[in-house]
Amino acid sequence: MTLAGKTMIMSGGSRGIGEAIALRAARDGANVALLAKTTEPHPKLPGTIYTAAKAIEEAGGNALPLVGDIRDDAFVESAVAQTAAAFGGIDIVVNNASAIDLTNTEQIPMKKYDLMNDINARGSFLLAKVCIPHLRESDNAHILTLSPPISLDPKWFTAHTAYTMAKYGMSLVTLGLSEELRADGIATNSLWPRTAIDTAAVRNVVGAGLVAHSRTPQIMADAAYEILIKPSREFTGQFVIDDDILEAAGVTDFSIYLNGGTEDDLALDFWVEPKGPHNPDLRMH
């Protein structure tokens, strides 16, 4: 199975992991609608919705850039309707848009708390909700959310309770909708990286020093692809780690995803345990 002729709608996607996933789908000839706000280049955030759309077209896909805010109900409803009208339906939803702030509870402004929860948890819920009628018409419907497995180990809350709550909110969308939509044959899964990924968020929020200890966004794109080509009635309710699903798909050489460092030097991402050579003492906080 490939994604040829399939229609994907994605929140965000103007750069980083989202753009990489979109480009991987485009290589099969997929249609990709991007819901994003970035129309002008930012000094610290390269890429816009238009540069991403151009890259999708150049990769062999069809792009539909839709400028707006994932927190705006009317925009999301309109964007979903435009996507379905342009491409004849919707097969895949990717909840990629996410806000990050690692400030502790005492110091974080409630405005930032609200922003993270509105984009991460509410935005994921909203986009999935509005797409459900279209997904029911697809022969292989998928909702994929970029969020971690839920662990209630207190260590994951120590430094940034607000951010953990916002990301776990995205994961609860997966947990709930996987059961709610199971009978409809709509697969609902989450994907998360084992290691730091070289994105603008890592460079600007977590720290530029992690760049050499990161993998490239391509590992998440390849992992997402493996999920999205699976039969939707057979693979749902899963919280997948990128290198696990690629290993199951037969990938043995992960050095292709290195970002200048070595396998022994990779920093673990939030909410995951070490596997193989990854250094448990080098984490994204």
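Residues numbered from 1 in each chain as written. Predicted model: local features only at pLDDT ≥ 70, side-chain atom pairs only at ≥ 80, totals over all residues. Heavy atoms only, no water.

What about the nonpolar core?
Put simply, the rule reads: Only buried residues count toward a nonpolar core, which is a set of Ala, Val, Leu, Ile, Met, Phe, Trp, Tyr and Cys residues joined through side-chain atoms within 4.5 Å. Here the term buried applies to any residue with accessible area under 20% of the maximum for its type, exposed to any over 50%, and partly exposed to those in between, with areas from a 1.4 Å probe on protein chains only. Segments assigned H or I by DSSP are reported as helices when at least four residues long, segments assigned E as strands when at least two residues long, and all are numbered from the N terminus. Note on contacts: a residue pair qualifies if any of its non-hydrogen atoms lie within 4.5 Å across the two residues.
With 42 residues, the main nonpolar core has Ile9 and Leu127 as its most contacted residues. Elements supplying a minimum of two residues to this core: strand 2 (31-36), strand 3 (62-67), helix 3 (73-87), helix 4 (110-135), strand 5 (141-145), helix 5 (161-180) and strand 6 (186-192). The element contributing the most residues to this core is helix 4, with nine residues. Ignoring any residue separated from it by four or fewer positions in sequence, one finds isoleucine 9 in contact with Ala33, Leu35, Ala79, Val80, Thr83, Ile90, Ile92, Val93, Val94, Leu127 and Cys131.

Describing the environment of histidine 142
Threshold: What qualifies as a polar contact is a pair of N or O atoms within 3.5 Å, subject to a donor-acceptor requirement within protein and to the restriction that residues adjacent in sequence count only when both atoms come from side chains.
Mapping histidine 142 onto the fold places it in strand 5. You can call histidine 142 buried: its relative accessible area is 0%. Residues histidine 142 and aspartate 265, spaced 123 residues apart in sequence, show a C-alpha to C-alpha distance of 34 Å. Those residues in contact with histidine 142, other than ones at most four positions away along the chain, are Asp91, Ile92, Val93, Leu135, Ala187, Asn189, Ile227, Leu228, Lys230 and Ser232. In terms of polar contacts, histidine 142 uses its side chain to reach the backbone carbonyl oxygen of lysine 230, at 2.8 Å.

Some remarks on the pattern of salt bridges
So the rule is basically this: We count a salt bridge whenever a side-chain nitrogen from Lys or Arg sits within 4 Å of a carboxyl oxygen from Asp or Glu.
If you walk through the whole model with that rule in mind, you get 14 salt bridges. In this structure, arginine 24 engages aspartate 28 in a salt bridge whose closest nitrogen and oxygen atoms are separated by 3.6 Å. For the pair shown, arginine 24 and aspartate 28 are each scored as buried. Through salt bridges with shared partners, a single ionic network connects Arg194, Arg215, Asp243, Asp244 and Glu263.

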